[in-house]
Amino acid sequence: MIPNSTLKYDRITKLSLYAESGIADYWIFNLVEPQLEMHSEPYQKQRGGFDYRVKRVVLPNEVVVIPGFPELSLDLSAVFPAQMGE
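We now turn to the structure provided with this report.

Calculation notes
- Residues numbered from 1 in each chain as written.
- Predicted model: local features only at pLDDT ≥ 70, side-chain atom pairs only at ≥ 80, totals over all residues.
- Heavy atoms only, no water.
- Helix = DSSP H or I, 4+ residues; strand = E, 2+ residues; numbered from the N terminus.
- Buried < 20%, exposed > 50% of the residue type's maximum accessible area, 1.4 Å probe, protein only.
- Areas by Shrake-Rupley, 256 points an atom, 1.4 Å probe, with all protein chains shown as cover.
- Lys, Arg positive; Asp, Glu negative; His and termini not counted.
- Charge placed at Lys NZ, Arg CZ, Asp CG, Glu CD.
- Salt bridge = Lys/Arg side-chain N within 4 Å of Asp/Glu carboxyl O.
- Pairing = 2+ DSSP bridges.
- Core = buried A, V, L, I, M, F, W, Y, C linked by side-chain atoms within 4.5 Å.
- Contact = heavy atoms within 4.5 Å.

**Some details on the overall build of the protein**
At step 1: The secondary structure content of the protein amounts to one helix and five strands.
At step 2: Traced from its N-terminal end to its C-terminal end, the protein shows the element sequence α-β-β-β-β-β.
At step 3: With the principal axes as the frame, the protein shows a C-alpha extent of 45 × 35 × 15 Å.
At step 4: Scored against the burial criterion, the 86 residues of the protein give a buried share of 23%.
At step 5: Carbon and sulfur atoms make up 52% of the accessible area of the protein, which totals about 6,100 Å².
At step 6: Charge centroids of the protein, computed over 8 positive and 11 negative side chains, lie 11 Å from each other.

Structural data, given as structure tokens:
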């Protein structure tokens with residue numbers, strides 16, 4: 001486990017701030033798991049806070065298309081080296 005992980009902060013505080021600002025796509029490169037957490041479709045909750053409607057988890061051996069740039073993709077095996085999962 002990564003001792004100084006900001007994962008909780010990224011998942012709660014930053015995610016809410018990005019959604020409130022209307023940022024359409026928010027990605028968290030989770031180095032603890034390892035995986036990419038893709039959030040999209042920001043909205044305001046009935047009780048006030050902000051969140052994203054859609055969460056997609058992408059695994060280290062997968063490729064993801066960059067939102068807004070359908071001709072560009074990111075191979076996560078280049079982001080998460082094999083030894084990270086060991």
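**What about the pattern of salt bridges?**
A side chain with one charge can pair with a side chain of the opposite charge if their charged atoms come near.
At step 1: Applying the stated rule across the entire model yields two salt bridges.
At step 2: A salt bridge links K14 to D10; the shortest N-O distance between them is 3.7 Å. With a gap of four residues between them, K14 and D10 both fall in helix α1 (residues 7-20), about one helical turn apart.
At step 3: The class for K14 is partly exposed, based on a relative accessible area of 25%.
At step 4: Among the residues examined, D10 registers a relative accessible area of 13% and is labelled buried.
At step 5: In this structure, E37 engages R11 in a salt bridge whose closest nitrogen and oxygen atoms are separated by 2.6 Å. On the criterion of sequence distance, the pair formed by E37 in strand β2 (residues 35-44) and R11 in helix α1 is long-range, its members being 26 residues apart.
At step 6: On the basis of relative accessible area, E37 is assigned to the buried category, the value being 0%.

**Notes on the pairing of strand β3 (residues 50-58)**
At step 1: With eight bridges joining them, β2 and β3 adopt antiparallel strand pairing. What sits directly across from S40, in β3, is V54.
At step 2: A loop of five residues connects β2 with β3, the two strands running antiparallel in sequence, and G48 in this loop sits at a positive phi of about 120 degrees.

**Considerations on the nonpolar core**
At step 1: The biggest cluster of nonpolar side chains holds seven residues, and these are L7, L15, A19, Y26, I28, F50 and Y52.
At step 2: Sorting the residues of this core by element identifies α1, β1 (25-30) and β3 as the ones contributing at least two each.
At step 3: Broken down by element, the residue count for this core peaks at three residues, all from α1.
At step 4: Non-local contacts of L15, meaning those with residues more than four positions away in its chain, are made with D10, Y26, H39, D51 and Y52.

**Points about the environment of L76**
At step 1: For L76, the location among the structural elements is in the segment after β5 (69-75).
At step 2: With residues near it in sequence (within four places) discarded, L76 still touches F29, L36, V58, L59, P60 and E62.

Geometry only, nothing functional implied.
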